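Remarks on the overall topology
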Amino acid sequence: MTMNAARQIGLIAAGSQPWNPDICAANGDRFAYCATLSIYIYEMDRRANNFCLHSIMAEHKKTITTISWSPHNGNLIASASIANKIIIWNVAEENSVAQLDVTTGTPLSLGWGLPDKNSVMFICSHGPLYVWTFTCGQSVVAHKDVQSFSAEICQFRCHPMDPGKIAIGHVNGSISFLCPGQRILKHSVRIVTEDDGELSDGCQITCLEWDPLGVDYLLCVVAYECIVLVDSSSTKIVTKFQLPSVAISVRSLSWISSAPGMFITGDANSGVLRLWNVSKATAVESFRINKTGFHSTYVVTAEMSRDVSKTSYAHGDQCCQTDRLWSTSATLSDAASSKGSVLPVAKILCLFADGAVGLYDMRRKRWAFLREKGHVETIFDCKFSPDDPNFLATASFDGTIKVWDIQTLKAVYTSAGNEGIIYSLSWSPVESHLIAASTSRNGAFIWDMKKGKITSRFQEHKQGSNIYTVAWNQKDARRIATAGSDCQCIVSTLDGRAIVRYRHAMAVYGCDWSPHNADIIATGCEDKNVRVFYLATNSENPVKVYSGHTAKVFHVRWSPLREGILVSGSDDCTIRMWDYTQDSCIRLFQGHTAPVRGIVWNPEIPYLLISGSWDCSIRVWDTRDGASLDRISDHGADVYGLSCHPKRPFLLASCSRDTTVRLWSLLSFVHPLEISILAGQPWNEILVSPVTGKEHAMHIGTPPLLAGKISRDIKLDLDRSSGDTFRKSLVLFSKFFGKPEGCTNLWDLVNINLGLEDNVLSSESYRCGIVHSKHVVSFKLSEAQDLELIRMSKFGRAGLGNQTREDQLRTAADLNIKLGNVQKYCELQAELGEWDKALAIAPFVSLKYWNNLIRRRAHELMEDDSSDVIPFAVAGRQTALLVDFLSTRGLHNDAYLVAAGAGDRDEENGSDDDDDCSKRLHEMHVAPPKSNKRTKDKTISLLERTSHDLADWYLLNGSPVLAACCHLSIDDHQGALSKLIRGFELELAAAIGQVLEMTDGLLLVAIELLSRRCERLGRWELGVCLLRRFHGTGRLLVRLCSRCAAPMSEVNQLHDLAGLPSLEESAAMAEQLRSDENKRLECVEFYMISSMPEVGLQLGIDEVKGRMALVGWTVDDVFDLLQTISAMQTEKLQKQSKRMSELLVLCAYVGALMAIRHRFDSVVLPLFTHAFFVIKRDGPDVPLSHSLISREMTIWEATRLLGKNETAFSSEQRVAYDELLHKVGCCGEASVGRVIVAASNLPSHSDINVSCLNNQRIKGPVFFLEDGLSAVSLSDAVMWARVNPFSPLASGMRINPF
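Residues numbered from 1 in each chain as written. Predicted model: local features only at pLDDT ≥ 70, side-chain atom pairs only at ≥ 80, totals over all residues. Heavy atoms only, no water.

Side note on the overall build of the chain
Across its full length, the chain carries 34 helices and 59 strands. Taken over 1298 residues, the chain has a buried fraction of 59%. Relative to all contacts within the chain whose residues are 6 or more apart in sequence, the contacts with residues 24 or more apart total 54%. Taken as a whole, the chain presents about 51000 Å² of accessible surface, with 49% of it coming from carbon and sulfur. (Helix = DSSP H or I, 4+ residues; strand = E, 2+ residues; numbered from the N terminus. Buried < 20%, exposed > 50% of the residue type's maximum accessible area, 1.4 Å probe, protein only. Contact = heavy atoms within 4.5 Å. Areas by Shrake-Rupley, 256 points an atom, 1.4 Å probe, with all protein chains shown as cover.)

This is the structure in structure tokens:
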């Protein structure tokens, strides 16, 4: 049974390309946009109530020009590129179903307008319109009517309601129409300006859109400045719309199908979204939603759920709910809506000129999704900052450098661009804000990311040369090396002055400074050779020339841990390792099937090497014997750059032509080290010994040992510390091994829970993360005060026009206030929507009336689904209602802030608030109402609920560490451990549990699963040592030793280490207990760790069957006993075929009941089905029947559909339901819930695997069963193994995915 060693844990998606207009589309619950070479597809996750990244299509080799979604089949999307290729994608299966090589030019526009669902239309600049029936191979037919135009074509649109009706836009501002059964009307409409009566040839049609609810009307944009409505039947312009200023240009428009006659436009030079109605020539509403201009828009029809509180949190993706993508202040539009106006229900997919992508909810005036600008082209290099492991710099074909905070996956710095292609990066070893870069156009340069400008340039290479690589000397910051197509590697000073030029026979693609000697540099050349130069000789000749590659050498990398060891990657698909003291290759690495590009050494494990290739894969190598330890194929295109950081050495960053940056965990290669630290093992089992040195770690078969500087520094820090160094080691190494997202935040909250706040509160990282509930209000108030200092004035917008009824009501209100009828005045103003006026005067009626009025306003805003409800609900003390309102819309962060704020007010104000209010009302001669203050306990309950909701949301979106932070923010230790265990962060859960000195069962769950991991790794003694550190693990030790299939002497040694009797002693003790019915479990345990486990198996199964035959039995009566007898060695169990069949059925059936208890919903039916299958296959003698299992399966499925609404059951179903509930029993709330392995929601390009449990495509990490072919998701494998130790293949083999 296997699974990939390296796991994807983060993904930075590309931004949208700025080149072509038709690069976004939507269909139902999905939308798509294009980077230059990739298509990103997002899908609505109804459980999480947001759009999540579903897949990335990256098969085009050149710029994508257009995409179009099939209106007939929501799984099909067509795309075209400048490589003259059209691809039909199946989104659900994530593969291409058909490809066409176009011979007549580049397809500029695609459409699916014909009745034939398997045909797609495309057109090139001069026509004709072609029809491709992609189910018939390469068969393409030219449309007989759509050809021979006098002006080039830029776009066409098929009518969504009338197949065959087509509008064609031309570069001269004219439009042609084709209607079914009629001759084509070529250039029948030509849009002219009022100034000169015509448009120049450069004023082309830039956008066309048919009215989705009508037949004849068409909107078009000409030259980005003129919007018109055209009647296709009369070929006349109906309306010419007026932009507010001649300086405004429009790049895109879209109809809103949910609001007849309404459409939106996006300004090209600013982030203003305008709402229009065809009945008016001017815009109805304007929203400034971004700083940069629009590139394209598309109206998405999928509607987010109004109520997500009842959804089951299962699994999801990085999305837009948290402070990472929007905050409370960002949920409101910059512009207030007109008084009394109601905005249409619409979500606008917005693509901006800077590459940002967002989904704007117009009705709610907030972002439902926002992905800030990313690279739009191939990413050639990525490097971590030497000083900060959270900063990753990337270089791209798009000419920009971006610096990412990998904790939030946001770009924090971006260069100005316009430098041509940026091939390579190198950070300054001294000034962490400086980055050197090499380019295709302007040589090399140094960029100051904080100042946002280039501080120096290197122009020593020949004019027009491509500079392929740059390397900043990490031991001597005064030197920078560059190499390029002019056949030179030049070492320069920081001011650009050349120190030495190393000339080569051909282009130089790679260079790298030795980390051990500031004067040694290696190069890789197109002439297939690797050279080593020594600056101290003052010679331009190399001191070493290594030959052996059969194609050009690209990158070269010195080992950071082994002096004199160098590797090189080549276009011959191999990697070679060289020793400076020798003249020939000492190791050859073969496995890649295309040129090798990225290479990086692990900074802690001296033999670990990682490489990336044009074969779209990343490989992990053991340089001791040349073995390929793992192959990662989740990138969809060439892998160029790789990087690790010494402070977080088991996090790998990679970049690719698929325009993504991906983060990988390499912890699977060093699991024994993490567990050794948790188990308090000696340092010589964790670190390279000063006596034996690194050479000991290089012996084949030696377990991994840490050999880097950072691990040594941690050890020195611990040696100098006093007190409990074990707990400190858990904290330090947890951060060392931990993932970037939330790990530091988690330990900050642990310190606060322990009362160690002094060093935490001043930390900027803590203030920017999830803060403790007792700090959240003060921190947010401080944040608000900072914002107030820099706020800018907001200007309202004009209304839609006054109505006669409103004039009458205003007149009536004026009369009433003049006559002193204050309450009537307030009612009229409220009816007019002038709530500010009404609420300002209402206290003079009474506080009770004011409170009633403000609650009415809050209720109205809730009905309108408006975010403006927050201040009114808070003022009206409707905290619980407001929290429910925010939570059901997925705004869990805002709900949490409101609940925390309510608790803070209650704690600080007490009853003084009411007393002070009464005093002020007395001064106003207003009688105070009776107090209606919420109790503190109720507020705390509300805060806990919102924290739990936010934690569930994080877990659902693949972030269990942040979910645990939510629980620790309210001192909920059990909840934090539960989320870490459910997210498969077992080491972190064990460390947190020990530091917090937890003694409940959740910590033991984590420890048990880690001991199973030791078993999988063959480290039985380590598993024993881990278990013995904790009380209450005796039964777990018995099971672990029972499963060990080692020689007798080794098993006895393991027993001795575990404090258990030897095999012979265990047999004798079992015989003594056999006659005692009250000690049957103890008797079975001794048999299982003896030389006669088959006796224990027989006794155990008979005991289980006897208990299950009793009326009123529960899983608690049999589960522990089943777990014990299931620990029998596999080889011995398989010899007991009859008993094995009985055991498999019992474990599967009881496992299904335990899965129900733990809410492992996705494996309940497979477990029931598995039991059913084994009964049918083997006919074992068990107290179960087909009818019983079928009935319980049916009732369980019914409860999932109907919930716990027993009134919907028949009397027979209710009896069965009650029996099932009794068998299942109950479990503590903190320990239940589906396992969602961290980041299992991220898309990949690995081989498509279908789960043998449910026949569904597996998303995320895959676990292969013993036959090497059958697969299940890692999440399902973990849940299955926690309730049933045997494989789903019913072979008697155990499943161990831990």
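So, the side chain of Glu 985
Locating Glu 985 in the fold gives a position in the loop between α19 (973–982) and α20 (986–995). Judged by its relative accessible area of 8%, Glu 985 is buried. Those residues within four positions of Glu 985 in sequence are excluded, and the remaining contacts are Lys 739, Pro 960, Val 961, Leu 980 and Ala 1238.

Looking at unusual backbone geometry
Of the consecutive residues Gly 127 and Pro 128, the connecting peptide bond is found in the cis state with omega at -5°. Even without glycine at this site, Lys 365 takes up a positive phi of about 55°. Along the chain, Lys 365 turns up in the loop between β29 (357–361) and β30 (366–371). By relative accessible area, Lys 365 is classed as buried at 11%. The phi torsion at Thr 659 lies on the positive side, around 70°, for a residue other than glycine. Mapping Thr 659 onto the fold places it in the loop between β56 (648–656) and β57 (661–665).

Some details on the sheet that holds strand β48 (residues 565–570)
Where strands meet in a sheet, backbone hydrogen bonds hold them as pairs that are either parallel or antiparallel. Overall, antiparallel pairing links the four strands, which are arranged β47-β48-β49-β50 in an open sheet. A strand with exactly one partner marks an edge of an open sheet, and here the two such strands are β47 (553–558) and β50 (585–590). Pairwise comparison of adjacent strand axes, ignoring direction, gives a mean angle of 20° for this sheet. Relative to β50, strand β49 (residues 574–579) runs antiparallel, the two being bridged by five bridges. Bridge pairing in β50 places Trp 578 opposite Cys 585. (Pairing = 2+ DSSP bridges. Axes fitted to C-alpha atoms, helices over the stretch in contact; angles between N-to-C directions.)

Things to note about the packing of aromatic side chains
Tallied over the entire structure, the rule returns 38 aromatic pairs. An angle of 65° between the planes, with centres 5.8 Å apart, marks the rings of Phe 31 and Phe 369 as edge-to-face. A residue pair is termed long-range when its members are at least 10 positions apart, and Phe 31 in strand β4 (residues 30–34) and Phe 369 in strand β30 qualify at 338 residues. On the numbers, 5.2 Å between centres and 25° between planes, the contact of Tyr 509 with Phe 554 is stacked. Taken together, the positions of Tyr 509 in strand β43 (residues 508–513) and Phe 554 in strand β47 put the pair 45 residues apart, joining distant regions of the chain. For Tyr 509, a relative accessible area of 9% corresponds to the buried category. One aromatic cluster in this structure is built from Phe 380, Phe 397, Tyr 423, Tyr 468, Tyr 509, Phe 554 and Tyr 640. (Phe/Tyr/Trp six-rings, centres within 6.5 Å; stacked < 30°, edge-to-face > 60°.)

Quick word on the nonpolar core
Counting residues in hydrophobic clusters, the biggest one holds 210 residues, and the most contacted among them are Leu 706, Phe 737 and Tyr 1149. The greatest single-element share of this core, amounting to 14 residues, is contributed by helix α30 (residues 1137–1158). Excluding residues within four positions of it along the chain, Leu 706 makes contact with Glu 604, Ile 605, Phe 650, Leu 673, Ile 686, Leu 687, Val 688, Ser 711, Phe 733, Phe 736 and Phe 737. Membership of the second largest hydrophobic core comes to 52 residues, among which are Ala 32, Ile 41, Phe 51 and Trp 69. (Core = buried A, V, L, I, M, F, W, Y, C linked by side-chain atoms within 4.5 Å.)

Overview of the pairing of strand β17 (residues 174–178)
For β17, the tally of buried residues reaches five of five residues, placing the bulk of the element in the interior. By the alternation rule, side chains of β17 split into Ser 174, Ser 176 and Leu 178 and Ile 175 and Phe 177, which are all buried. Of the pairings in the sheet, the one linking strand β16 (residues 166–170) to β17 comprises four bridges and is antiparallel in character. Paired with Ile 166 across the two strands is Leu 178, which belongs to β17. Linking β16 to β17, which pair antiparallel, is a turn of three residues; within it Gly 173 sits at a positive phi near 85°. Sheet topology places β17 next to strand β18 (residues 185–190); three bridges connect them, and they run antiparallel. Looking across to β18, one finds that Ile 175 is bridged to Val 189.

A look at the sheet that holds β16
Spatially, the four strands line up as an open sheet ordered β15-β16-β17-β18, and their pairing is antiparallel. The two strands at the open ends of the sheet, each matched to only one other strand, are β15 (153–158) and β18. The average angle at which neighbouring strand axes cross in this sheet is 25°, direction not considered.

Looking at helix α1 (residues 671–678)
When you tally the buried positions in α1, you get eight out of eight residues, the bulk of the element. On its buried side, α1 packs onto α4 (725–737), α20, α21 (1001–1016) and α22 (1020–1028). At the C-terminal side of α1, Gly 680 shows a positive phi close to 70°.

Observations concerning the pattern of salt bridges
Any two side chains of opposite charge can pair, so long as their charged atoms come close to each other. Taken as a whole and assessed by the stated rule, the structure comprises 53 salt bridges. The closest approach of N and O atoms between Glu 1015 and Arg 1043, which form a salt bridge, is 2.7 Å. In this pair, Glu 1015 is assigned in helix α21 and Arg 1043 in helix α23 (residues 1034–1043), connecting sequence segments 28 residues apart. Residues joined in a network through salt bridges with shared partners are Asp 1102, Lys 1105, Arg 1139, Glu 1142 and Asp 1181. (Salt bridge = Lys/Arg side-chain N within 4 Å of Asp/Glu carboxyl O.)

Description of the packing of helix α5 (residues 743–753) against α20
Contact pair α5 / α20: the axes reach a minimum separation of 11 Å and the direction vectors enclose 15°. By the criterion of interaxial angle, the relationship of α5 to α20 is roughly parallel. You can see that α5 and α20 cross each other, and the crossing is right-handed. Mapping the contact onto sequence places Leu 746, Trp 747 and Val 750 in α5 and Leu 988, Ala 991, Ile 992 and Val 995 in α20. Counted by class, the contact of α5 with α20 contains seven nonpolar, no polar and no charged residues. (Parallel < 35°, antiparallel > 145°, perpendicular 65-115°, else oblique. Left-handed = near helix turned anticlockwise from the far one by under 90°. Nonpolar A, V, L, I, M, F, W, Y, C, P; charged D, E, K, R; others polar.)

Notes on helix α31 (residues 1161–1178)
Helix length check: α31 (18 residues) gives 27 Å between terminal C-alpha atoms against 26 Å at 1.5 Å per residue, within 8%. Taken from the residues just after α31, Gly 1179 is the one with a positive phi, measuring 60°. (Expected span 1.5 Å × (residues − 1).)

A closer look at the pairing of strand β39 (residues 467–472)
The element β39 is largely enclosed, with a buried count of six among its six residues. Looking at chain direction, β39 and strand β40 (residues 480–484) are connected through five bridges and run antiparallel. Bridging from a neighbouring strand, Trp 472 pairs with Ile 480 of β40.

Looking at the state of the cysteines
Under the criterion given, the structure shown has zero disulfides. Here Cys 1041 is not cross-linked by a disulfide; its sulfur's nearest cysteine counterpart is in Cys 1044, at 7.3 Å. (Disulfide = S-S within 2.5 Å.)

Here's the deal with the confidence of the model for the chain
The pLDDT averaged across the chain works out to 87; a share of 90% of its residues lies at or above 70. Scored below 50 in pLDDT, residues 790–803 makes 13 contacts in the model with residues more than four places away or belonging to other chains. (pLDDT = per-residue confidence, 0-100.)

Comments concerning the packing of helix α26 (residues 1080–1088) against helix α27 (residues 1093–1108)
When two helices pack together, you describe them by how their axes are tilted relative to each other and by the distance separating the axes. In contact at an axis separation of 7 Å, α26 and α27 are set at 150° when each is read in the N-to-C sense. Overall, the two elements α26 and α27 adopt an arrangement that is roughly antiparallel. When you trace α26 past α27, the crossing you get is left-handed. Touching Arg 1080, Cys 1083, Val 1084, Tyr 1087 and Met 1088 of α26 are Pro 1093, Val 1095, Gly 1096, Leu 1097, Leu 1099, Gly 1100 and Glu 1103, all from α27. Of the residues contributing to the contact of α26 with α27, the split by class is eight nonpolar, two polar and two charged.

As for the environment of Leu 561
Its location among the elements puts Leu 561 in the loop between β47 and β48. In this structure Leu 561 comes out as buried when scored by relative accessible area, which is 8%. Sequence-wise, Leu 561 and Pro 603 are 42 residues apart; in three dimensions their C-alpha atoms are separated by 7.0 Å. Apart from the residues within four sequence positions on either side, Leu 561 is in contact with His 516, Asn 602, Pro 603, Glu 604, Ile 605, Pro 606, Lys 694, Ala 707 and Gly 708.

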